[in-house]
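Residue-level listing of the chains:
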Amino acid sequence: HNLNFDVLAHEFGHAMLYSVIGLPDADNVGTEFYAYHETAGDMVAVISMLHFNTVLDRLLEDSRGNLYTRNELNRVGELSSTRQIRMASNGMKMQDVPDPSTPREELSYKQIHDISLPMTGALFDLLIEVFQQKLVDAGLISPELDRLSRGLVDGEEDDLQLQEAFDTFYSLNPEGFKQALIEARDYLGKLFALSCDMLSPELSIRDVIQTLFEADRLVSGGHYQIELTQVFQLREMI
């Protein structure tokens, strides 16, 4: 799996972030710096994958636009049809992971990865929120389907009904779904890149969130401030 594109893109994300925000002073390297590096690597992998037409087409054909299902996009570092390194779409909240203020020397590599999961999950949620909002705005899905899918309905019967609704709407305009996903991808890419430019090597999770709100004002004129607030509140990050 060392040649897996997700893995290579993730590792390139580390190199890019070092280049953009630099290296912290050796005495000031915090746990949050390294945790955000893992999120940044995952975001580079997700955004990069979405620049391949073959991936876009296969992803939408497989999911019919229901991107919260387990799929090629949210399984970062896909190793097989059933195994992956971690899920970009995850339910982790800050209470579920080690305390980010814990000195790095006291944490394992896996624990630092775990601390990154709420931020990774929040940004993946944001991608889907923007995608589905664009679908609603274009009349490609109903507001009701948008609401139900964002609520992550429990139960196999509800999940089946949800998927059937996506199947129906997607079949009416596959190209419209693809365009909405491209626009959501470009929004997240610009948001992520701008926020990285605003960060210093001595960053904290709070700093990252603040820069994302600032970047949204530049990218969309503040159009997605509510969505940003919701995804971070869900993860108990604000």
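Before reading further, recall that the structure is shown in the block above.
Residues numbered from 1 in each chain as written. Predicted model: local features only at pLDDT ≥ 70, side-chain atom pairs only at ≥ 80, totals over all residues. Heavy atoms only, no water.

Draft legend 1. How the structure looks around the overall build of the chain. The helix and strand inventory of the chain stands at nine helices and two strands. Walking the chain from its N terminus toward its C terminus, one meets helices and strands in the order α-α-α-β-β-α-α-α-α-α-α. Relative to its full complement of 238 residues, the chain shows a buried share of 52%. Taken as a whole, the chain presents about 11400 Å² of accessible surface, with 52% of it coming from carbon and sulfur. (Helix = DSSP H or I, 4+ residues; strand = E, 2+ residues; numbered from the N terminus. Buried < 20%, exposed > 50% of the residue type's maximum accessible area, 1.4 Å probe, protein only. Areas by Shrake-Rupley, 256 points an atom, 1.4 Å probe, with all protein chains shown as cover.)

Draft legend 2. Focus on unusual backbone geometry. In this structure, Arg64 takes a positive phi of about 60° despite not being glycine. Examined against the element boundaries, Arg64 turns out to sit in the loop between α3 (53–63) and β1 (75–78). We note that Glu236 has phi near 60°; this positive angle belongs to a residue other than glycine.

Draft legend 3. Layout of the environment of Glu202. Summarising the element assignment, Glu202 is placed in the loop between α7 (174–198) and α8 (205–220). Not counting the four nearest positions on each side in its chain, Glu202 is found in contact with Pro24, Asp25, Asn28 and Asp207. (Contact = heavy atoms within 4.5 Å.)

Draft legend 4. Summary view of the pattern of salt bridges. If you walk through the whole model with that rule in mind, you get eight salt bridges. In this structure, the salt-bridge partner of Glu61 is Arg64, at a minimum N-O distance of 3.1 Å. In this structure Glu61 comes out as partly exposed when scored by relative accessible area, which is 42%. For Arg64, a relative accessible area of 22% translates into the label partly exposed. The salt bridge partner of Glu105 is Arg104, with a shortest N-O separation of 4.0 Å. (Salt bridge = Lys/Arg side-chain N within 4 Å of Asp/Glu carboxyl O.)

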